[in-house]
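Now for the letters of each chain:
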Amino acid sequence: MATLTLAGIAYLLAIREFFANPTFPRRVVILGLVLAAVWHVEFLRAPLATDEDIYRYVWDGRLQRLGYNPYVVIPSDPAVIGLHTPETRKLNNPDLPSPYPAGAQLVFRAVTAIHESAFALRVAFVLCDLAIALLLLDVLRNRRQEAHLVLAYAWNPLLAIEVAGSGHIDIVGALFLLASAAALRRRWRATAAVGFGLAVAVKFLPIILLPVYWKWIRVRDAALAAIVVGLLYLPFLSHGRIPIGSVGTYVQSWRFNGPMFAALDHVATPQLLAGLAVLAGLATAAWLRNSSSEWSPAMFAWPMAVSLLCAPAVFPWYLLWLLPFLTTPSTLLIIVWTVSITPTYIVWHLRTLGHPWGSLPGWVMPLEYGCVAIAAAIIWLYRGKKPGQAGA
């Protein structure tokens with residue numbers, strides 16, 4: 001926790017320099033990317049915990065290659081005990097079928113077909129991370145932004161921890177979403193629509209960005225994206241129905257670090273609150289789309305951030321979706337959040353001491369979201385100063 005705190009402070013200080021200085025020498029950018037790569041290698045070498053999500057990825061990929069449907073098979077079922085490997089026996093929530101959408105399932109299958117291991121998946125995710133950095137350099141150049149802003153992405157502590165360290169599929173979805181956003185800026189409408197569909201097929205979070213694409217893609221492009229997503233689900237149809245796995249259980253039962261959901265959990269049903277989280281994201285996306293006729297990273301970052309803020313669970317790796325779009329001062333509060341969420345990692349330590357999973361100490365959320373609130377107040381006061389008061 002101390003090391004992560006120092007890394008977060010250093011990162012925020014770097015962000016201040018990135019936004020304050022118009023340009024950096026090219027060698028600084030190259031050195032910064034090399035350092036990011038070294039950090040990833042060090043986290044790849046670190047051992048995994050026994051209940052990481054990545055073991056579920058290995059299991060889902062293995063099931064598919066053996067001819068089973070991961071939305072139907074329950075890992076703890078005695079009938080499939082012989083299908084397990086030493087790694088898949090470590091998966092969490094073994095009494096539930098897979099919650100991951102079809103796009104994620106096919107990624108699991110493709111990677112485990114090359115090598116069936118958690119390490120192979122982590123390497124694949126690091127390659128996706130590298131692809132995002134390269135694509136982001138192109139986006140920055142296209143927007144006439146300086147190349148050093150790629151380090152606002154590459155240096156974020158969450159990347160090394162959650163991509164190279166733990167290995168989470170969210171980075172694949174973030175790559176598809178950034179590719180879609182880049183294509184949208186270049187008016188490659190069909191590519192933008194398909195990229196968006198693939199991102200949604202990895203995890204459902206970016207669905208709230210639909211208003212951003214309004215009138216920027218054609219009906220036929222949207223239809224193409226829908227067909228692609230439909231084809232991804234085709235191998236998993238069960239009795240003609242689109243499978244959702246344990247997503248319903250997630251909404252109904254899983255709670256972690258969600259302040260809005262926790263505050264309203266006793267006055268409304270989980271399904272209604274989940275719907276409100278989606279609605280909040282959609283409303284934010286629609287407002288940003290209507291208030292600006294130009295493409296901007298904030299159009300993608302803020303709606304997802306608002307929706308996550310209202311979600312039943314806000315795990316640190318969920319914020320991976322936001323990282324490629326945090327390259328402007330308008331997203332500074334989200335950048336602070338990606339650092340202030342660090343205290344939630346204490347729950348993994350507490351679990352080893354016998355505490356129930358997801359039981360955060362009472363000081364964690366006030367510290368996490370309090371930091372964001374303080375940052376918001378500072379920004380508001382700073383922007384509220386008149387030019388003549390700048391030296392006061």
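Here, the structure is the one placed above.
Treat the numbers as computed from the prediction; the structure is a model and nothing was measured.

Draft legend 1. Quick look at the nonpolar core. Formed by 111 residues in total, the largest nonpolar core has its most connected members in I169, L177, Y213 and F300. Of the residues forming this core, the biggest block, 12 residues, is contributed by helix α5 (residues 118-142). In contact with F300, other than residues within four places in its own chain, are L177, A181, L184, L209, V212, Y213, W295 and F325. Counting residues in each nonpolar core, the second largest holds 7 residues, with Y71, A201, V229 and F236 among its members.

Draft legend 2. Layout of the packing of helix α2 (residues 26-45) against helix α7 (residues 157-165). Remark: α2 packs on α7, axes separated minimally by 8 Å, with the N-to-C direction vectors making an angle of 45 degrees. The angle between α2 and α7 places the two elements in the oblique class. By crossing handedness, the relation of α2 to α7 is classed as right-handed. Residues W39, H40, F43 and L44 of α2 pack against L159, A160, I161, A164 and G165 of α7. Within the contact of α2 with α7, the residues separate by chemical class into 7 nonpolar, 2 polar and no charged.

Draft legend 3. Looking closely at the side chain of T344. Turning to its location among the elements, T344 is positioned in the loop between α15 (332-340) and α16 (346-352). A relative accessible area of 0% means that T344 is categorised as buried. Excluding residues within four positions of it along the chain, T344 makes contact with F256, N257, P316, L360, V364 and E368.

Draft legend 4. Highlighting the environment of T342. Here T342 shows up in the loop between α15 and α16. We classify T342 as buried; its relative accessible area is 11%. Look past the residues within four positions of T342 in its chain and what remains in contact with it is M1 and L4.

Draft legend 5. Region of interest: the packing of aromatic side chains. With the rule as written, the count across this model stands at 21 aromatic pairs. Considering the side-chain rings of W295 and F300, the 5.8 Å spacing of their centres and the 45 degrees angle between planes classify their relative orientation as tilted. The same class applies to W295 as to F300, namely buried. Both rings, one in F315 and one in Y318, keep their centres 5.4 Å apart while their planes meet at 85 degrees; by these two values the pair is edge-to-face. These aromatic residues form a ring-pair network of at least three members: F256, F315, W317, Y318, Y345 and W348. In this structure, R289 is placed above the aromatic ring of W216, and the distance from its NZ or CZ to the ring centre is 3.9 Å.

Draft legend 6. Representation of the pattern of salt bridges in the model. Applying the stated rule across the entire model yields 8 salt bridges. With its nearest N and O atoms 3.0 Å apart, the salt bridge here joins E116 to R62. Of this pair, E116 sits in the loop between α4 (102-114) and α5 while R62 sits in helix α3 (residues 54-65), placing them 54 residues apart in sequence. In this structure R62 comes out as buried when scored by relative accessible area, which is 19%. Here R65 ties to E116 by a salt bridge, and the two come within 1.9 Å at their closest N and O atoms. Of this pair, R65 sits in helix α3 while E116 is found in the loop between α4 and α5, placing the two residues 51 residues apart along the sequence. With a relative accessible area of 24%, E116 lands in the partly exposed category. Ionic contacts of the salt-bridge type, sharing partners, join the residues R62, R65 and E116 into one network.

What counts, and where the lines are drawn
Residues numbered from 1 in each chain as written. Predicted model: local features only at pLDDT ≥ 70, side-chain atom pairs only at ≥ 80, totals over all residues. Heavy atoms only, no water. Core = buried A, V, L, I, M, F, W, Y, C linked by side-chain atoms within 4.5 Å. Buried < 20%, exposed > 50% of the residue type's maximum accessible area, 1.4 Å probe, protein only. Helix = DSSP H or I, 4+ residues; strand = E, 2+ residues; numbered from the N terminus. Contact = heavy atoms within 4.5 Å. Axes fitted to C-alpha atoms, helices over the stretch in contact; angles between N-to-C directions. Parallel < 35°, antiparallel > 145°, perpendicular 65-115°, else oblique. Left-handed = near helix turned anticlockwise from the far one by under 90°. Nonpolar A, V, L, I, M, F, W, Y, C, P; charged D, E, K, R; others polar. Phe/Tyr/Trp six-rings, centres within 6.5 Å; stacked < 30°, edge-to-face > 60°. Lys NZ or Arg CZ within 6 Å of the ring centre and 35° of its normal. Salt bridge = Lys/Arg side-chain N within 4 Å of Asp/Glu carboxyl O.

Bear in mind that shape data such as this cannot, by itself, settle questions of function.
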